[in-house]
Amino acid sequence: MVYGFWVSRCLQTMAELGLADIIGDVPKTVEELAKATDTHAPSLRRMLRLLSGLGVMVKDEGSQRWGLTDLGAMLRKDNPGSVYGSLMAHGHMLSWQAWGDLKSSLKTGAPSVEKFMGDTFFGYLAAHPEDAAIFNGSMAAYQTLNAPAVVNAYDFSWAKRIMDVGGGTGTLISHILKSHPLAQGAIFEMAHVAAEARARLASMGLKERCDVVDGDFFASIPKGQDIYILSQILHDWDDEKSLRILSNIREAMHPNSRLLIVETVLPGDNTMHFGNLYDMAMLVLVGGQERTEEEYSALVAKAGLKVARIHPTSMPPSVVEVVLA
Ligand SMILES: C[S@@+](CC[C@H](N)C(=O)[O-])C[C@H]1O[C@@H](n2cnc3c(N)ncnc32)[C@H](O)[C@@H]1O
């Protein structure tokens, strides 16, 4: 535990150097890799040796070439579900500074990242397209693994109109639409993300089946959908702001609409759980929080909603199915 961040820093640096893509399917010598990444070969060799011990790289002693293991191949950008984007997003210098200042978040309850970004997390992304592309890419890659689990866990077949609120660049809705050819989809997003979503959906041949609406979920949310999805949205916000989003969805729902909250539900028993770690990231980065089943039930109740059922998935998030109270 003491040295955990040394490991993540080596993986983040591997991503920053683009090592996995440079190696691809063809193992290379240290000298070739040092030249391609403009690094100091003897120092790079030391990091490769560590990465090999971590099961990410493998060296062929005969040819003296370094290749990727299956685990290491997860850093390749072209690998579905690649962790490249997550390493780049969480290895970002501002994210490092925020974690370095965890103590200030503990003292104030406010996200320390805002000191370094000079803005809220999502406000900063709206003004910094390159960083937004990294963040959106990390979300999309994660959803490549998560979306099939959500589609398996919940029966979408009854719904004609499905809106993913804060749906990023469209990975989750595209999986739902592909497995339910009669459904019409929609994404509701901030303008800069909506623009990227339109281009991605068009490239997937889903332009006609998925509207992309620019907007602010704190202001209002379009009416008339059978299913509203909030995937990894409420964990970005404190209870007060989450309640504003939920109340806007409550306003938009018709009597048979469902709201699907796709979030990691904390066990609430203080055992080690990935969600409890992520909860700290929400504290320093966005000022949000992960929640237990009881906390979700209490939160939605304040917006005139109730939890009907929780559908576990094969991935960390569950699908919390919510109806009008
Ligand atoms: C953690 S990401 C989740 C993306 C996607 N739902 C997923 O599960 O991969 C949060 C998303 O909320 C969007 N968002 C943040 N503030 C918003 C606002 N005020 N109105 C609409 N969308 C917003 C962001 O642009 C971002 O795509």
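Residue numbers restart at each chain and count upward from 1, following the sequence in its written direction. Whole-chain, interface and lining totals are the exception, using all residues; otherwise, since this is a predicted model, local features are given only for residues with pLDDT of at least 70 and side-chain atom pairs are given and counted only at 80 or more. Side-chain measures here rest on the full set of heavy atoms in the structure, leaving out hydrogens and waters.

As named in an unreviewed UniProt entry, the protein is Methyltransferase, taken from Pyxidicoccus fallax.

(A) The nonpolar core, seen in detail. Here, the term nonpolar core denotes a set of buried Ala, Val, Leu, Ile, Met, Phe, Trp, Tyr and Cys residues that are joined through side-chain atoms within 4.5 Å. Buried residues are those whose accessible area, probed at 1.4 Å on protein chains only, stays under 20% of the maximum for their type, while exposed residues exceed 50% and partly exposed ones sit between those limits. Formed by 42 residues in total, the largest nonpolar core has its most connected members in Ile221, Leu246 and Leu259. Ignoring sequence-local partners within four residues, the contact set of leucine 259 consists of Tyr228, Leu230, Leu246, Ile249, Met253, Leu305, Val320, Glu321 and Val322. Among the nonpolar cores identified, the runner-up in size contains 24 residues, and Leu177, Ala183, Ala197 and Val262 belong to it. Contacts are assigned to residue pairs that have any heavy atoms within 4.5 Å of one another.

(B) View of the pairing of strand β10 (residues 305-312). What makes two strands pair is DSSP finding at least two bridges between them. Only DSSP runs of H or I covering at least 4 residues are called helices, and only runs of E covering at least 2 are called strands; the numbering of each starts at the N terminus. When β10 meets strand β11 (residues 318-324), the two strands line up antiparallel, connected through seven bridges. Bridge assignment links proline 312 to a residue of β11, and that residue is serine 318. Where β10 folds back on β11, the antiparallel hairpin that results is connected by five residues.

(C) Spotlight on the site of the ligand. Proximity criterion: a residue is near a molecule or strand once any of its heavy atoms comes within 4 Å of it. Near the ligand you find 19 residues, and of these Gln143, Gly166, Glu189, Asp216 and Ser231 are the closest. Polar contact is defined as a pair of N or O atoms within 3.5 Å, subject to the rule that within protein one atom must be able to donate a hydrogen and the other to accept it, and that residues adjacent in sequence are counted only when both atoms are side-chain atoms. Contacts to the ligand include glutamine 143, whose side-chain N or O atom sits 2.8 Å from an oxygen atom. Glycine 166 has a polar backbone atom sitting 2.7 Å from a nitrogen atom of the ligand. Here the accessible surface of atoms and residues is derived via Shrake-Rupley with a 1.4 Å probe, and residues count as covered only by protein chains that are part of the display. For the ligand, the protein covers 95% of the area, taking 590 Å² as the surface of the free molecule. Top contributing element to the shell around the ligand by residue count: helix α10 (residues 129-153), with three residues. Polarity classes work like this: nonpolar for Ala, Val, Leu, Ile, Met, Phe, Trp, Tyr, Cys and Pro, charged for Asp, Glu, Lys and Arg, and polar for all others, with Gly in that last group. Here the shell around the ligand is composed, by residue class, of nine nonpolar, seven polar and three charged.

(D) Just the UniProt feature "active site" (unreviewed entry) in the protein, in detail. UniProt positions are given in the numbering used here, feature names are shortened, and annotations may be inferred rather than shown by experiment. With numbering matched to this structure, UniProt assigns "active site" (unreviewed entry) to His235. Mapped onto the elements of the fold, histidine 235 is located in the loop between β6 (227-231) and α13 (239-252). For histidine 235, a relative accessible area of 5% puts it in the buried group. Discounting chain neighbours no more than four positions away, the residues touching histidine 235 are Glu263, Tyr278, Met282, Val286, Gly288, Gln289, Glu290 and Arg291. A distance of 3.5 Å separates a polar side-chain atom of histidine 235 from the backbone oxygen of glutamine 232.

(E) Here's a closer look at the domain arrangement of the protein. These domain limits were set by an automatic method or by a database of domain assignments. Split by domain assignment, the protein resolves into domain 1 (4-78) and domain 2 (154-324). Averaged C-alpha coordinates put domain 1 and domain 2 at centres separated by 37 Å.

(F) Fine view of the sheet that holds strand β5 (residues 210-214). What the seven strands build is an open sheet, ordered β5-β4-β3-β6-β7-β11-β10; its pairing is mixed. Strand pairing shows two members of the sheet lacking a second neighbour, β5 and β10, which therefore form its edges. Strand-to-strand twist in this sheet, taken as the mean axis angle between neighbours without regard to direction, amounts to 20 degrees. Summarising the sheet, strand β3 (residues 161-165) and β6 pair through three bridges and their orientation is parallel. Think of each axis as a best-fit line through the C-alpha atoms, taken over the contacting stretch in the case of a helix, with angles from 0 to 180 degrees between the N-to-C directions.

(G) Structural view of the packing of α13 against helix α15 (residues 293-302). Running from N to C, α13 and α15 point in directions that differ by 55 degrees, and their axes come no closer than 9 Å. In this view, α13 runs oblique relative to α15, as classed from their interaxial angle. You can see that α13 and α15 cross each other, and the crossing is right-handed. Along the contact surface, α13 presents Asp239, Ser242, Leu243 and Leu246, while α15 presents Leu299, Val300 and Lys302. Residues of the contact of α13 with α15, tallied by class, amount to four nonpolar, one polar and two charged. Any angle from 65 to 115 degrees is called roughly perpendicular, while one under 35 is roughly parallel, one over 145 is roughly antiparallel, and all others are oblique. Rotating anticlockwise by less than a right angle from the far helix to the near helix defines a left-handed crossing, while the corresponding clockwise rotation defines a right-handed one.

(H) A look at the environment of alanine 186. In this fold, alanine 186 is placed in strand β4 (residues 184-189). Residue contacts for alanine 186: discarding those within four places in its chain leaves Ile162, Met163, Asp164, Ile173, Cys210 and Asp211.

(I) Here's a closer look at the pattern of salt bridges. Any Lys or Arg side-chain nitrogen found within 4 Å of a carboxyl oxygen on Asp or Glu counts as a salt bridge. Applying the stated rule across the entire model yields nine salt bridges. Here arginine 76 and aspartate 78 are joined by a salt bridge, their closest N and O atoms 3.1 Å apart. A relative accessible area of 54% means that aspartate 78 is categorised as exposed. For arginine 291, the salt bridge is made with aspartate 239, and the minimal N-O distance between the two is 2.9 Å. Remark: aspartate 239 occurs in helix α13 and arginine 291 occurs in strand β9 (residues 291-292); sequence separation between them is 52 residues. Taking the relative accessible area as the measure of exposure, arginine 291 reaches 1% and is therefore buried.

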